[in-house]
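So the chains spell out like this:
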Amino acid sequence: MKNLALTAALIASTTLAQNTPAPVQLAGSPTVQVATLSLKTASALALRTVENCAAAGYNVTATVVDRSGVTLAVTRAENAGPHTVDASLRKAYTSASARNLTSEMAKNLATTPALADIPGYLLLAGGVPVRVGNAVVGAIGVGGAPSGMIDEKCATDAIKTVLGG
């Protein structure tokens, strides 16, 4: 019985060690520099996203936020519903904050329901992080197409067009 308890403890500690993230290197200086989107790029991304969806027949709003989730640019198609403005902002904020696609986050909602309780989060597809190199420099949120995956495609295509890649 003692060996069984020892084996269980060893397995538990090994599992914890495998799931523990690597240490993060904190800054050693009083300030840090971070890359973030420029207003010019954010505006181009928002407009291109709305144009992409319009070409597919959808009236949407695109909100582009900086890496901290603060709004830089909003572009709304003339006939996009009023609810699309808030939805696009919340998707962009969620994506920037989590540094992830909101569609991927939504898939994890069943196992991590507390994600839905984070103030400002909207866990629907349509939030896309904007990366330059490996750094997330902002995010685009799109609302208004009949599917969040269409919203997401309009944004990812805009990123490819505006930033290349």
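Residues numbered from 1 in each chain as written. Predicted model: local features only at pLDDT ≥ 70, side-chain atom pairs only at ≥ 80, totals over all residues. Heavy atoms only, no water.

Colleague: Describe the overall build of the protein, with residues and values.
Modeller: Helices and strands together make up the secondary structure of the protein, namely five helices and four strands. Seen in sequence order, the protein has helices and strands lined up from the N terminus as α-α-β-β-α-α-β-β-α. Looking at the protein as a whole, 35% of its 165 residues are labelled buried. Put simply, of all contacts in the protein between residues at least 6 apart along the chain, 64% involve residues at least 24 apart. (Helix = DSSP H or I, 4+ residues; strand = E, 2+ residues; numbered from the N terminus. Buried < 20%, exposed > 50% of the residue type's maximum accessible area, 1.4 Å probe, protein only. Contact = heavy atoms within 4.5 Å.)

Colleague: I'd love a proper account of helix H2 (residues 39-55), names of residues and values included.
Modeller: Given a rise of 1.5 Å per residue, 17 residues ought to cover 24 Å, and the 24 Å separating the end C-alpha atoms of H2 matches this to within 8%. Taken residue by residue, H2 has Ala 42, Leu 45, Ala 46, Thr 49, Val 50, Asn 52 and Cys 53 as its buried positions. The arc that holds the buried residues of H2, viewed along the axis, is 155°, so those residues lie on one side. Residues of H2 that are exposed and angled more than 90 degrees away from the buried face: Lys 40 and Ala 55. Buried-residue contacts for H2 involve strand E1 (61-66), strand E2 (71-76), strand E3 (127-132), strand E4 (135-143) and helix H5 (148-163). (Expected span 1.5 Å × (residues − 1). Arc of directions from axis to C-beta.)

Colleague: Can you break down the packing of H2 against H5 residue by residue, with the values?
Modeller: As a packed pair, H2 and H5 sit with axes 8 Å apart at the nearest point and diverge in direction by 130°. Classed by the angle they form, the pair H2 and H5 counts as oblique. In this structure, H2 meets H5 at a crossing whose hand is right-handed. Where H2 abuts H5, its residues Thr 41, Ala 44, Leu 45, Arg 48, Thr 49, Asn 52 and Cys 53 lie against Ile 150, Cys 154, Ala 155, Asp 157, Ala 158, Ile 159, Thr 161, Val 162 and Leu 163. Counted by class, the contact of H2 with H5 contains ten nonpolar, four polar and two charged residues. (Axes fitted to C-alpha atoms, helices over the stretch in contact; angles between N-to-C directions. Parallel < 35°, antiparallel > 145°, perpendicular 65-115°, else oblique. Left-handed = near helix turned anticlockwise from the far one by under 90°. Nonpolar A, V, L, I, M, F, W, Y, C, P; charged D, E, K, R; others polar.)

Colleague: Break down the sheet that holds E4 for me, with residues and values.
Modeller: Strand order in the open sheet formed by four strands is E2-E1-E4-E3, and the pairing between neighbours is antiparallel. Unpaired on one side and paired on the other, E2 and E3 mark the two borders of the sheet. Each strand axis lies, on average, 20° off the axis of its neighbour in the sheet, ignoring direction. Pairing of E1 with E4 involves six bridges; the strand directions are antiparallel. (Pairing = 2+ DSSP bridges.)

Colleague: How would you summarise the packing of aromatic side chains if you had to cite specific residues and measurements?
Modeller: Aromatic ring pairs are defined here through the distance separating the ring centres and the angle between the ring planes. For the coordinates displayed, the defined rule picks out one aromatic pair. Seen in terms of ring centroids, Tyr 93 and Tyr 121 are 6.3 Å apart; in terms of plane orientation they differ by 75°. Their pairing is edge-to-face. Taken together, the residues Tyr 93 in helix H3 (residues 83-98) and Tyr 121 in the loop between helix H4 (102-107) and E3 connect sequence positions 28 residues apart. Overall, the relative accessible area of 30% leaves Tyr 93 in the partly exposed class. We classify Tyr 121 as buried; its relative accessible area is 10%. (Phe/Tyr/Trp six-rings, centres within 6.5 Å; stacked < 30°, edge-to-face > 60°.)

Colleague: Tell me about the pattern of salt bridges, residues and numbers included.
Modeller: Considering all chains together, one arrives at five salt bridges under this definition. Asp 151 is the partner of Lys 91 in a salt bridge, and the nearest nitrogen-oxygen pair spans 3.1 Å. You can see Lys 91 sitting in helix H3 and its partner Asp 151 sitting in helix H5, a full 60 residues away along the chain. Taken as a pair, Lys 91 and Asp 151 share a single burial class, namely buried. (Salt bridge = Lys/Arg side-chain N within 4 Å of Asp/Glu carboxyl O.)

Function-wise, these values are silent; they only describe arrangement.
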